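Notes for the structure review
Here is what each chain is made of, one letter per residue.
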Amino acid sequence: MKRKNGEGSWGEKTIKGVVYKYFRDSNGKYFYGKTQKEIKEKIKKHEESSFVNIRKDDSLFGEYMKSWLYNVKQKSVKRRTFDGYEEYFLNNVVNFDGFNISDMKIQKITPENMTEYFNSMAERYALSTIKKTQSIISQCFEYAVDNKVIPENPC
């Protein structure tokens, strides 16, 4: 049975006379078992093993964001938009003299760190500048989540 919102689908399949249940996730990966409980355990084990790679990336946030900006974002936006992103990155992340997140390991950044960072920005910048910076940083974190560098977006 197909589920909404790309959650995957459940079904049954007979293999050599034995009826197995299966779950197909949104990426097309199948998990087979005799019971739903068994399948859910396999899914959980698979998800845990896929996040093992997360702990191995110990790059600094500034380096990661620079790589994301020049290797990913530059190719997907117009030149003028990229110039604005680059300016926000250089002025508000790399050369920011308040709470510095660029020298923190991307794995160690927490929502509390981000709150402290944006509060320190609020002492110097207008709300529109803070919102634009938050938007760009959040996009970078979402890219990191999608690539299993971090488990969730701290923004």
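Described below are features of the structure shown in this document. Because the structure is predicted, anything quoted here is derived from the model rather than measured. (Residues numbered from 1 in each chain as written. Predicted model: local features only at pLDDT ≥ 70, side-chain atom pairs only at ≥ 80, totals over all residues. Heavy atoms only, no water.)

**Some details on the overall build of the protein**
For the protein, the helix and strand inventory stands at five helices and three strands. For the protein, the succession of helices and strands along the chain, N to C, is β-β-β-α-α-α-α-α. Taken over 155 residues, the protein has a buried fraction of 34%. Within the protein, contacts between residues separated by at least 24 positions form 45% of all contacts whose residues are at least 6 apart in sequence. For the protein, the accessible surface area stands at approximately 10200 Å², while carbon and sulfur atoms represent 48% of it. (Helix = DSSP H or I, 4+ residues; strand = E, 2+ residues; numbered from the N terminus. Buried < 20%, exposed > 50% of the residue type's maximum accessible area, 1.4 Å probe, protein only. Contact = heavy atoms within 4.5 Å. Areas by Shrake-Rupley, 256 points an atom, 1.4 Å probe, with all protein chains shown as cover.)

**Re the nonpolar core**
Generally speaking, a soluble globular protein has its nonpolar side chains buried in company with each other. By size, the foremost hydrophobic cluster in this structure holds 27 residues, and its most contacted members are Phe-61, Met-65, Tyr-117 and Ile-137. Secondary structure elements with two or more residues in this core: helix H2 (61-76), helix H3 (79-94), helix H4 (111-122) and helix H5 (127-146). For this core, the element with the most residues is H5, which contributes six residues. Excluding its chain neighbours within four sequence positions, the residues that come into contact with Ile-137 are Phe-61, Met-65, Val-93, Ile-101, Met-114, Tyr-117 and Cys-155. Judged by nonpolar contacts, the second largest core, of five residues, contains Trp-10, Phe-31, Ile-39 and Ile-43. (Core = buried A, V, L, I, M, F, W, Y, C linked by side-chain atoms within 4.5 Å.)

**Things to note about the sheet that holds strand E2 (residues 18-24)**
Read across the open sheet, the three strands follow the order E1-E2-E3; overall the sheet is antiparallel. Two strands bound the open sheet, and with one partner strand each, they are strand E1 (9-15) and strand E3 (30-33). For this sheet the average axis-to-axis angle between neighbouring strands, irrespective of direction, equals 30°. Judged from the seven bridges that link them, E1 and E2 form a sheet pairing that is antiparallel. Note that in E2 the partner of Lys-13 across the bridge is Tyr-20. (Pairing = 2+ DSSP bridges. Axes fitted to C-alpha atoms, helices over the stretch in contact; angles between N-to-C directions.)

**Some points on the pattern of salt bridges**
Applying the stated criterion across every chain yields a total of four salt bridges. We note a salt bridge from Lys-42 to Glu-38, for which the minimum N-O separation is 3.8 Å. Residue Lys-42 and its partner Glu-38 are located together in helix H1 (residues 36-50), separated by four residues, close to a single helical turn. Residue class for Lys-42 comes out partly exposed when judged on its relative accessible area of 37%. (Salt bridge = Lys/Arg side-chain N within 4 Å of Asp/Glu carboxyl O.)

**Structural notes on the pairing of E2**
Hairpin remark: E1 followed by E2, antiparallel, with two residues in the connecting loop; positive phi at Lys-16, about 50°. The pairing of E2 with E3 spans four bridges and is classified as antiparallel. Bridging across to E3, Tyr-22 finds its partner in Tyr-32.

**Details of the packing of H2 against H3**
Remark: H2 packs on H3, axes separated minimally by 11 Å, with the N-to-C direction vectors making an angle of 175°. It follows that H2 is roughly antiparallel to H3 by the angle criterion. Contacts between H2 and H3 involve Phe-61, Gly-62, Met-65, Lys-66, Leu-69, Tyr-70, Lys-73 and Gln-74 from the first element and Arg-79, Phe-82, Tyr-85, Glu-86, Phe-89 and Val-93 from the second. Grouping the amino acids of the contact of H2 with H3 by side-chain chemistry returns eight nonpolar, two polar and four charged. (Parallel < 35°, antiparallel > 145°, perpendicular 65-115°, else oblique. Nonpolar A, V, L, I, M, F, W, Y, C, P; charged D, E, K, R; others polar.)

**Let's talk about H5**
Structurally, the α-helix is built with 3.6 residues per turn, so residues lying three or four positions apart point the same way. For H5, with 20 residues, the first-to-last C-alpha span of 28 Å sits near the 28 Å given by 1.5 Å per residue. Looking at H5, one finds that the buried residues are Thr-129, Ile-130, Thr-133, Ile-136, Ile-137, Ser-138, Cys-140, Phe-141 and Ala-144. Lys-148 lies just past H5 and shows a positive phi near 60°. (Expected span 1.5 Å × (residues − 1).)

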